[in-house]
Amino acid sequence: MHDLDDYRWWQKGTIYQIYPRSFQDSNGDGIGDLGGVLQRLDYLEWLGVDALWLSPIFSSPMADFGYDISDYRAIDPRFGTMEDLDRLLDAVHARGMKLILDLVPNHTSDQHPWFREARASRDSPKRDWYLWEDPAPGGDPPNNWLSVFGGSAWEYDEATGQYYYHAFLAAQPDLNWRNPDVRTAMFDVMRFWLDKGADGFRVDVMWHLLKDERLRHNPPNPDYRPGQPEHARLVPAYSEDQYEVHTIVEQMRAVTDAYDDRVLIGEVYLPLGRLVAYYGPEGRGAHLPFNFQLILLPWEARRLDAAVNAYEGALPSNGWPNWVLSNHDKPRVASRVGPAQARVAAMLLLTLRGTPILYYGDELGMENVAIPPDRVQDPREMKEPGIGVGRDPFRTPMPWDEGPNAGFSEGIPWLPLGADYKSRNVSAQQSDPDSMLTLYRRLIALRKDEPALAVGDFVPVPAEGDVLAYDRVHGGRRLLIALNLGRQPQQMNYAGLSGRILLSTHCDREGDSAHATLRLRADEGVIVAVR
Ligand code: GLC
Ligand code: CA
């Protein structure tokens, strides 16, 4: 048994992801900004989250809304100034909270001075900072690699007669991480923000950093089905997750570890076995390689039960788990599982063992917002229109109140608000004891009060059908979490159970006693303190 003090903030705390464009606009241009985040810190503190992760706020032409950076050490004027960032850091820290920045090391903007210089000539000293290749015989791209956003991943540069590689947009050329100067430059960027007091990084597409040196063709994907994004036609065996990437991750970790108490979170979309490799040998990799299973798996109790156990079993002994329900790249959980199950999902997220990472607006049960064709912003949608890969629907403005533009902006919001914002907003839900927001706040508070939830052991509990159950145990305290992922009432048998309900997703059975036969209503989850 460990004392809570033995755990770091990023283990026992809740992390909240802010998509800055959509959180709060402070100057009426319809785009959220740092001043807006600052204005809303009271809310975040009230909600009880411990750390904020900001999607990129750096200088960018916004071809991919900040994931195309033209200056890693400057704040984009649309988001504010360096002074605003300093103010935000101070204010977050003054509240005992942490601020995590987004590091995008795989690619820059094509407007970054490094790329402009690299592109200028074949002899440029920066040429080798990117991945340039001669055309294949006949003028074709060097190999068959596909962009994640569709089409070839190679862009031909007329002026210098070579192709460059871009895993995403042509406006996002990939850096050459085999070049030691690139490493040094990016590690210096990390130090710049760590020196300023940033509490760590979420590292964009960590598994993409290195590609096969021999540029071998990717094999076809036998499971490809028409209608899927073009990128899925091939298995990215040679363009992603190359084993040498782990030495880079270790170096990033070493840069981070030179500072006190910072965190390194890696974006990694890979099957379990390869995902956990990103913890690194002897835990010298990422502190938290993102675990996206709750996003990717069907919402079925037996599937999730197997996945949670497989994950617990696959973790290296010093590897700390983490869980995510939504993010700026994936549909809203409430749309995926439905509003009633979204409450069960909240209880799952905040009672599993490991750091919960909560996407802004999920605490209100925000749903995907249909975007009229003339308001589409996401280049992902524009590259492969109509197949459902656009990300605008889950990047819409946070609804704060029932006033004009939901209190998000005094101007025209860059994306439309949800049609339900007059009823689904922070102000309405804050005063409603049954609201999703109240449920989230109570779950976060309970996690703080109960070491069993924050850091306790995970013990699987046998259950059947639509019920997912587990115990969380710390010292003498045992909590049973029983979740009904179905639309029918369920009965669960837990031999010898005698306890008291601490919280129900329906916010109404607290204090009721629980017995060996535990009844769950449709779409209900409960946390039981076991005697
Ligand atoms: C990551 C980001 C995504 C972005 C892509 C390219 O997956 O989360 O939003 O488009 O990387 O940077
Ligand atoms: Ca603004």
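Preceding block: the structure.
Residues numbered from 1 in each chain as written. Chains lettered and ligands numbered in written order. Predicted model: local features only at pLDDT ≥ 70, side-chain atom pairs only at ≥ 80, totals over all residues. Heavy atoms only, no water.

Draft legend 1. A look at the overall build of the protein chain. Along the backbone of the protein chain there are 16 helices and 19 strands. For 531 residues, the compact-globule estimate of 2.2 N^0.38 gives 24 Å, and the protein chain sits close to it at 23 Å. The dimensions of the protein chain, computed from C-alpha atoms along their principal axes, are 75 × 50 × 50 Å. In the protein chain, which comprises 531 residues, the proportion classed as buried is 61%. In the protein chain, 68% of the contacts between residues at least 6 apart in sequence involve partners at least 24 apart. For the protein chain, the accessible area works out to roughly 20,000 Å², and carbon and sulfur atoms hold 49% of it. Charge centroids of the protein chain, computed over 55 positive and 76 negative side chains, lie 4 Å from each other. (Helix = DSSP H or I, 4+ residues; strand = E, 2+ residues; numbered from the N terminus. Rg over C-alpha atoms; globule rule 2.2 N^0.38 Å. Buried < 20%, exposed > 50% of the residue type's maximum accessible area, 1.4 Å probe, protein only. Contact = heavy atoms within 4.5 Å. Areas by Shrake-Rupley, 256 points an atom, 1.4 Å probe, with all protein chains shown as cover. Lys, Arg positive; Asp, Glu negative; His and termini not counted. Charge placed at Lys NZ, Arg CZ, Asp CG, Glu CD.)

Draft legend 2. Structural view of the coordination of the calcium ion (ligand 2). The coordination sphere of the calcium ion (ligand 2) contains the protein donors Asp-25 (OD), Asn-27 (OD1), Asp-29 (OD), Ile-31 (O) and Asp-33 (OD), at a distance range of 2.3 to 2.4 Å. We note that the donor set of the calcium ion (ligand 2) lies within a single chain, spaced as D-x1-N-x1-D-x1-I-x1-D. We classify Asp-29 as partly exposed; its relative accessible area is 34%. The class for Asp-33 is buried, based on a relative accessible area of 3%. (Donors = N, O, S within 2.8 Å, 3.2 Å for Na, K, Ca; no water.)

Draft legend 3. Focus on the side chain of Asp-33. One can find Asp-33 in the loop between β1 (15–18) and α2 (34–39). Buried charged residue Asp-33 carries no salt bridge. Nearest counter-charge: Arg-40, at 9.7 Å. Within the local environment of Asp-33, its side chain forms a polar contact with the backbone nitrogen of Gly-36, the two atoms lying 2.8 Å apart. Excluding residues within four positions of it along the chain, Asp-33 makes contact with Pro-20, Gln-24, Asp-25, Ser-26, Asn-27, Arg-78 and Phe-79. (Salt bridge = Lys/Arg side-chain N within 4 Å of Asp/Glu carboxyl O. Polar contact = N/O pair within 3.5 Å; in protein donor to acceptor, adjacent residues only side chain to side chain.)

Draft legend 4. Structural context of the sheet that holds strand β7 (residues 154–157). Across the sheet, which stays open at both edges, the three strands sit in the order β6-β8-β7 with antiparallel pairing between neighbours. Each edge of the open sheet carries a strand with a single partner, namely β6 (132–133) and β7. Bridge count between β7 and strand β8 (residues 162–165): four bridges; the pairing is antiparallel. Paired with Trp-154 across the two strands is Tyr-165, which belongs to β8. (Pairing = 2+ DSSP bridges.)

Draft legend 5. Inspection of the site of ligand 1 at higher detail. As a matter of local geometry, ligand 1 sits amid 14 residues, with Asp-64, Asp-204, Glu-267, His-328 and Asp-329 nearest to it. Within the side chain of Asp-64, an N or O atom sits 2.5 Å from an oxygen atom of ligand 1. In the model, an oxygen atom of ligand 1 is placed 3.0 Å from a nitrogen or oxygen of the Arg-202 side chain. (Near = heavy atom within 4 Å.)

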